[in-house]
Amino acid sequence: MCGIIGYAGKRDMVSVLVSALERLSYRGYDSSGIAVMEQGEINVWKKSGKITELKKKIDNLSIVSEIGIGHTRWATHGIANDINAHPHKSQNGKISLIHNGIIENFLELKKELTKENYFFKSETDTEVIANLYQENLQQATDKMAATFQTISLLEGSYSLAILNEDNPDEIVCFRKESPLIIGIGEEENFICSDINVLIYYTKEYIELEENQVAIVKPQEVKIYNQQRELLEKKIRKVDWDSTSSEKGKYDFFMLKEIHEQPLVLKRIISRYIKDENQIAFEKLNFINEQEVIKNLKRFIIQGCGTSWHAGLVGKYWLERFTHILCEIDISSELRYRNYPYQRNDVILALSQSGETADTLACLREAKGAFIKCIGIVNVQGSVIDRESDGSIYSYAGQEIGVASTKNYIAQLMILFLLSLKIGKAKKIIRDENYHHYLEEVKKIPLLVEKILLEEDKIKKIAKKYFEKKGFIFIGRGINYPNALEGALKLKEISYIHATGYAAGELKHGPLALIDPETPVIAIIPQDELYKKNLNNLLEIKARKGKIISLITAKDEEVSKMSDEVIHLPETSEYLNPLLTIVPLQLLSYYIAVYLGRDVDQPKNLAKSVTVE
Ligand code: M6R
């Protein structure tokens, strides 16, 4: 949440800051601002609304600067307006800073500072940091002492970038449980909250560790620990290219990302399925060891939103193919329920961004209990990637649309492969079945392409139903999580109320919602629960419900009782979730488009949720 950029160097300052903010805007998009050092003075421009609003404000200015910072906000403290937008200045105007995260004790600090005659223009916790820093600079013996003193007083998780007129050639930055990366260039350096954005400017970077302070200048970067010792820099190199941040022929990134899914799946297959169908995850040495697999007693999957839904599907696969008990919980629930971890548990942390605050907190708690942790993440070098014992990358490429699509399908594929790998090692899956499933897996990209050819048909269905006030999604067994995911996709981008249910649960309450005005989207491919699902559809029909069904091709029976049908190609029944999700994504997308929504940046949301 909130995007941070900082630049020290000779490029055109405004275009670096603004282009980075545009790329970072999926992290927060309710206001934005920049602060630049011009001849020893800090000048700030900020504006509520999308970055285009800020651009209008600074368009005609000629700004010459070698030190600057920029911020795109997702409001936590105070509404989205010009005053609450970052950067914030200290009372004496000498300090300007941007911030991602939350300062939990900001009210206490504000009270103390008010007693010292500080006043505040905004409602933010960020302005409190600016004034606290001013106060500490006035009291402390030197700048580093003031910096660490300020940090020691801040509770919460945050990353900060600070300009100070008394040191006009540098940016001071710091992070605690919130992402911040330093990009190293030729006579120029960057700071950024997202490696996927940083790689547009440089491929060399330093991961700022917890509680370290970095001083970033055009010619050098210095990093200090809490003892104020200068540390040796570990410069890393990104070994992947930026995926295009252009929408190309698509109106929204979400649609582009839906269409990228076959490619993402092919990438995963070629990365992880080796010669003779061996499944190998390069950064997961500990799970390759037969001993660990033998002793593994329980998986605990955790994640939020769409990642949690992927975990729900994963549970079905893991339990079926490995016979190992698999628990799953939403990270924000798991973290407060004093979970009784046991020896030989393995925790799977699922996260596209690799920085979701609740998921990270659970991971840390599990590690504190000496539990091995596997991160399944998209963003390499993210905090969850770094702090896990081993990671599996989802290789989805940068996902920009707030609604997660291509990373979901990637997570599903990885969980399927992981289940097969362990199932085979434990000799639960017979060799011929193992090879059969992998041959079926290899066909999935092509089958997803086939579903994408149905786009026009799905668009027509969306046109017919987009004005409905509510939708119900149902599925059973392995397809139940996709009912939840379909409902989430629709809610978040169209703002229509939608609810996902296990089909068998209908008669326990939700049937009361059935009427001709509330369409039911039924995920009903041919699988072991098909007949049970059929009964549920009959119950809906008997109550004059409208049914839009996702069926395996040639299913006459369901076709007859449905108002609309979307056909799915045939695959192994276990692999159906990789197919059934695609029409649901397209349906939500087109409903949102017909409603005129801002699909990629829905209201109130942000792509990375780095606050609790
Ligand atoms: O980056 P993560 O996978 O950890 O994010 C988790 C959720 O915030 C995310 O999936 C969210 O629910 C998406 N907006 C869903 O489309």
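### Considerations on unusual backbone geometry
Of note, the amide linkage connecting His86 to Pro87 takes the cis form, showing an omega dihedral of -5°. Positionally, Pro87 belongs in the loop between strand 4 (67-73) and strand 5 (88-89). Although it is not a glycine, Asn277 adopts a positive phi angle of roughly 60°. Looking at the secondary structure, you find Asn277 in the loop between helix 8 (261-272) and helix 9 (285-288). A residue is classified by how much of its surface remains accessible, and Asn277, at 8% relative accessible area, is buried.

### Considerations on empty space enclosed by the protein
Applying the stated criterion to the full structure yields three cavities of 30 Å³ or more. Put simply, the largest cavity is a space of about 90 Å³. In terms of residue class, the lining of the largest cavity is made up of six nonpolar, four polar and four charged. In terms of lining residues, the second largest cavity is bounded by Tyr26, Arg27, Asp194, Asn196, Gln352, Ser353, Glu355, Asn378, Val379, Gln398, Glu399 and Ser608. Considering only residue class, the lining of the second largest cavity consists of two nonpolar, six polar and four charged.

### Overview of the side chain of Asp30
Tracing the backbone through its elements, the reader meets Asp30 in the loop between helix 1 (13-24) and strand 2 (31-38). For the buried Asp30, which has no salt bridge, the nearest side chain bearing the opposite charge is Arg73, at an N-O separation of 4.4 Å. Side-chain polar atoms of Asp30 contact the backbone nitrogen of Ala75, separated by 2.7 Å. Excluding residues within four positions of it along the chain, Asp30 makes contact with Ser48, Gly49, Arg73, Trp74, Ala75 and Ala80.

### Remarks on the site of the ligand
Around the ligand, the structure places 14 residues, and the nearest of them are Ser307, Ser351, Ser353, Thr356 and Glu492. The backbone of Thr306 places a nitrogen or oxygen atom 3.1 Å from an oxygen atom of the ligand. Ser404 has a polar backbone atom sitting 2.8 Å from an oxygen atom of the ligand. Expressed as a share of its isolated accessible area of 420 Å², the protein-covered part of the ligand is 91%. Secondary-structure elements contributing two or more residues to the shell around the ligand are helix 11 (305-322) and helix 18 (480-494). Among the elements that take part in the shell around the ligand, helix 11 stands out by supplying three residues, more than any other. Taken together, the residues of the shell around the ligand sort by class into four nonpolar, eight polar and two charged.

### Things to note about helix 16 (residues 431-452)
Its 22 residues give helix 16 an end-to-end C-alpha distance of 33 Å, which sits within 8% of 32 Å, the value for a rise of 1.5 Å per residue. Approximately 35° is the largest bend angle found in helix 16, and it occurs at Ile444, with the proline Pro445 only one to four residues beyond. Listed in full, the buried residues belonging to helix 16 are Tyr434, Tyr437, Leu438, Glu440, Val441, Ile444, Pro445, Leu447, Val448, Ile451 and Leu452.

About the criteria used
Residues numbered from 1 in each chain as written. Predicted model: local features only at pLDDT ≥ 70, side-chain atom pairs only at ≥ 80, totals over all residues. Heavy atoms only, no water. Helix = DSSP H or I, 4+ residues; strand = E, 2+ residues; numbered from the N terminus. Buried < 20%, exposed > 50% of the residue type's maximum accessible area, 1.4 Å probe, protein only. 1 Å grid on protein atoms, 1.4 Å probe; cavity = no way out; pocket = protein on both sides within 12 Å on 5 of 7 lines; lining within 4 Å. Points joined across faces, edges and corners; volume = space filled by probe spheres on them. Nonpolar A, V, L, I, M, F, W, Y, C, P; charged D, E, K, R; others polar. Lys, Arg positive; Asp, Glu negative; His and termini not counted. Salt bridge = Lys/Arg side-chain N within 4 Å of Asp/Glu carboxyl O. Polar contact = N/O pair within 3.5 Å; in protein donor to acceptor, adjacent residues only side chain to side chain. Contact = heavy atoms within 4.5 Å. Near = heavy atom within 4 Å. Areas by Shrake-Rupley, 256 points an atom, 1.4 Å probe, with all protein chains shown as cover. Expected span 1.5 Å × (residues − 1). Bend = angle between axes of the 7 residues up to and from the residue.

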